[in-house]
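Here is how the chains run, residue by residue.
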Amino acid sequence: MGEILVEVATDVAFGHGVPAQLGISGDALNVAAAAAAAGARTGLLAVLTDDDLGHAIAARIRELGISDELLKFRTGQQGVYLVHCDPHGQREFSYARSGSVGSTLSPQDIDPDVFAAAGAVIAGGIACAISESSQAAVLKAAALAGRFVFDPNFRPRLTSAEDATAVLAELAPRTFLVTPSFPGETSALLGCQTPNEAAAKLRSLGAVNVAVTCGADGIQLDGAGLDASADSSWIDSIPAPSVVDQTGAGDAFVGTLTARLVLGDSLPLAARYGAAAASLVVGGKGGTGFIPTFEQTRSHAEPEGAVSSHA
């Protein structure tokens, strides 16, 4: 659940007349696309404009294998962002999303029966930051879901560290899995200087499982989903075959990881698949420019043996 954005991507600095590629993105769509590709039956709760643009976005959602049954259509302005894509990660973003139709998401848009029956419900900090009604919808979803997954996805342009920290503390006791990034989010929202410290703090707040993403280094896991013989596990990162645009890599990790957990994989194995998917999506331009099939992800995740105990 969350906001869908129109993406205008360019390989050169912003300026009049520069060539650009139109796409559909946003963290919620990127996550849902990855989950669907990983084999999960996936629906997306979002609000789109009730016009040609909104229905074109809905068509793209269906094209990605995501159910459109939860989509809402209203009069309003579709959120847009411009991005200068840089393979090295030095990306430049410009947003036009204030008061967007996506930010009108509210608790009334949530079907309690659907959310209670779902194998997992995924939401992020962006959905909590774009409006009070959207944040209330996330809180309602967390209360209903049997397994609620939360990606803090802290964006200083949208909210303060204090507010984002308060939301994380409120949601943690209801969360089956939380996926903060190190060092940015673990430092700003938790005051922690190591991945292990951050995972332990979130567990103390009530989160059942934690996956701290550490960029090119790997992922620190902690939680009930691990083998009883290990308190935590470290998942090595997987080098990307090609890097075109790093947009959506974290979303691919969250979507793939959650889908594989729902489908019965262990937490370490699901995280390994998530790491593989994340390293593949950076080969495409835009958040959904390239979504690997699960066969591609599984092949890229091999050979096994990258899951280890990590103090």
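This is a predicted model, so every value here is computed, not measured.

Analysis parameters
- Residues numbered from 1 in each chain as written.
- Predicted model: local features only at pLDDT ≥ 70, side-chain atom pairs only at ≥ 80, totals over all residues.
- Heavy atoms only, no water.
- 1 Å grid on protein atoms, 1.4 Å probe; cavity = no way out; pocket = protein on both sides within 12 Å on 5 of 7 lines; lining within 4 Å.
- Points joined across faces, edges and corners; volume = space filled by probe spheres on them.
- Helix = DSSP H or I, 4+ residues; strand = E, 2+ residues; numbered from the N terminus.
- Core = buried A, V, L, I, M, F, W, Y, C linked by side-chain atoms within 4.5 Å.
- Buried < 20%, exposed > 50% of the residue type's maximum accessible area, 1.4 Å probe, protein only.
- Pairing = 2+ DSSP bridges.
- Axes fitted to C-alpha atoms, helices over the stretch in contact; angles between N-to-C directions.

### Comments concerning empty space enclosed by the protein
Point 1. For the structure shown, the criterion picks out one cavity of 30 Å³ or more.
Point 2. Along the walls of the largest cavity sit Ala34, Ala37, Ala38, Ala252, Thr256, Ala277, Val281, Ile291, Pro292, Thr293, Phe294 and Thr297, which together make up its complete lining.
Point 3. At the level of secondary structure, the elements contributing two or more residues to the lining of the largest cavity comprise helix H1 (27-37), helix H9 (249-262), helix H10 (267-281) and helix H11 (294-301).

### Brief notes about the nonpolar core
Point 1. One finds Met1, Val138, Phe148, Phe150 and Leu171 to be the most contacted residues of the largest nonpolar core, which totals 37 residues.
Point 2. Of all the elements in the fold, those that place two or more residues in this core are strand S7 (121-124), helix H4 (125-129), helix H5 (132-144), strand S8 (148-151), helix H6 (161-171), helix H7 (184-190), helix H8 (195-204) and strand S10 (209-213).
Point 3. Looking at this core, the element that brings in the most residues is H5, giving five residues.
Point 4. Listed in part, the 28 residues of the second largest apolar core include Ile238, Ala252, Phe253 and Phe294.

### Here we look at the sheet that holds strand S6 (residues 92-96)
Point 1. Overall, mixed pairing links the four strands, which are arranged S2-S1-S5-S6 in an open sheet. Two strands close off the open sheet at either side, each with one partner strand: strand S2 (21-25) and S6. The average angle at which neighbouring strand axes cross in this sheet is 25 degrees, direction not considered.
Point 2. The pairing of strand S5 (residues 80-84) with S6 spans five bridges and is antiparallel. When the bridges of S6 are listed, His84 appears paired with Glu92.

### Quick word on unusual backbone geometry
Point 1. The omega angle of the peptide bond from Phe182 to Pro183 is 10 degrees, so this bond is cis rather than trans.
Point 2. Along the chain, the position of Pro183 falls in the loop between strand S9 (177-178) and H7.
Point 3. Even without glycine at this site, Asn153 takes up a positive phi of about 40 degrees.
Point 4. Positionally, Asn153 belongs in the loop between S8 and H6.
Point 5. Among the residues examined, Asn153 registers a relative accessible area of 8% and is labelled buried.

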